[in-house]
Amino acid sequence: MITPGRGEGFVKLSIVIPAYNEVHTVDRLLGMVTQVDTGLVTELVVVDDGSTDGTQAVLEQARSRYPNMVLLRHEKNQGKGAALRTGFAVATGDVVLVQDADLEYDPKEYPHLLHPILDGHADVVFGSRFLGGGAHRVVFYWHYVGNRLLTMLSNMMTNLNLTDMEVCYKVFRKEVLRDIRICENRFGFEVEITAKVARKKWRIYEVPIAYYGRDYAEGKKITWKDGFRALWCILKYRFVD
């Protein structure tokens, strides 16, 4: 448990959850999130990104159980970056954490992710699936290779030494997000936010996390097309603010 009041001025945590066709996981995920004691007041900002599988109905029912939940909806699917842009715009926390609506990442990691910020060392924290933290499902060798390659190319452009640029778990002090304009609608968000945080010279830390990956039959959505978009974004956001 993180002691309340530790980290002067940090009172509230906003957890922003983009959700697209996650009817089988989103309710369980919300339950897991609300069970974590971070020592901060918690706000849930859930953005239903045009789901067509019943996710919206599940979220509407869940809203009555979670009074700290803000539910937003895109009428049409726009992508993870667009959903996060919508969520960030209404989040009121001193610290903002990104959580996918699937079950690949465990909310029990929150205290670990928050420590560098609450201790005053970091402005931004990335989780890393490649630093040896906890259990890792064995899946997709070529995804692993692609993630490492994209991270290396991103590092070359940003002069960072991240091990996992594409990771879901990213945590920000609110001042960081206020200072950044997000343009990417899909998974290019990961590259864009990394480049813009690096350009602004915010203090970035990494912490090891577990990873419970899923396959496409279980609902995984990122594709090879997103990999090519990420390559373009690495070049683009080296120069574009």
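Keep in mind the model is a prediction, meaning the values are calculated, not measured. (Residues numbered from 1 in each chain as written. Predicted model: local features only at pLDDT ≥ 70, side-chain atom pairs only at ≥ 80, totals over all residues. Heavy atoms only, no water.)

**Regarding the overall build of the protein**
Each helix and strand in the protein was counted, giving eight helices and seven strands. Residues classed as buried in the protein amount to 51% of the 241 residues present. Here the protein displays about 11,300 Å² of accessible surface, and carbon together with sulfur accounts for 55% of that area. (Helix = DSSP H or I, 4+ residues; strand = E, 2+ residues; numbered from the N terminus. Buried < 20%, exposed > 50% of the residue type's maximum accessible area, 1.4 Å probe, protein only. Areas by Shrake-Rupley, 256 points an atom, 1.4 Å probe, with all protein chains shown as cover.)

**Here we look at the pattern of salt bridges**
Considering all chains together, one arrives at 17 salt bridges under this definition. For R203, the salt bridge goes to D123, with nearest N and O atoms at 3.0 Å. Taken as a pair, R203 in the loop between α7 (189-199) and β7 (204-208) and D123 in the loop between α4 (110-118) and β5 (124-128) lie far apart in primary sequence, 80 residues in all. Take R203: its relative accessible area is 38%, and that puts it in the partly exposed class. For D123, a relative accessible area of 5% corresponds to the buried category. Two residues, E175 and R173, come together in a salt bridge whose shortest N-O distance is 3.3 Å. Residue classification places E175 among the partly exposed residues on the basis of a relative accessible area of 31%. The network of salt bridges with common partners includes K80, D100, K170 and E190. (Salt bridge = Lys/Arg side-chain N within 4 Å of Asp/Glu carboxyl O.)

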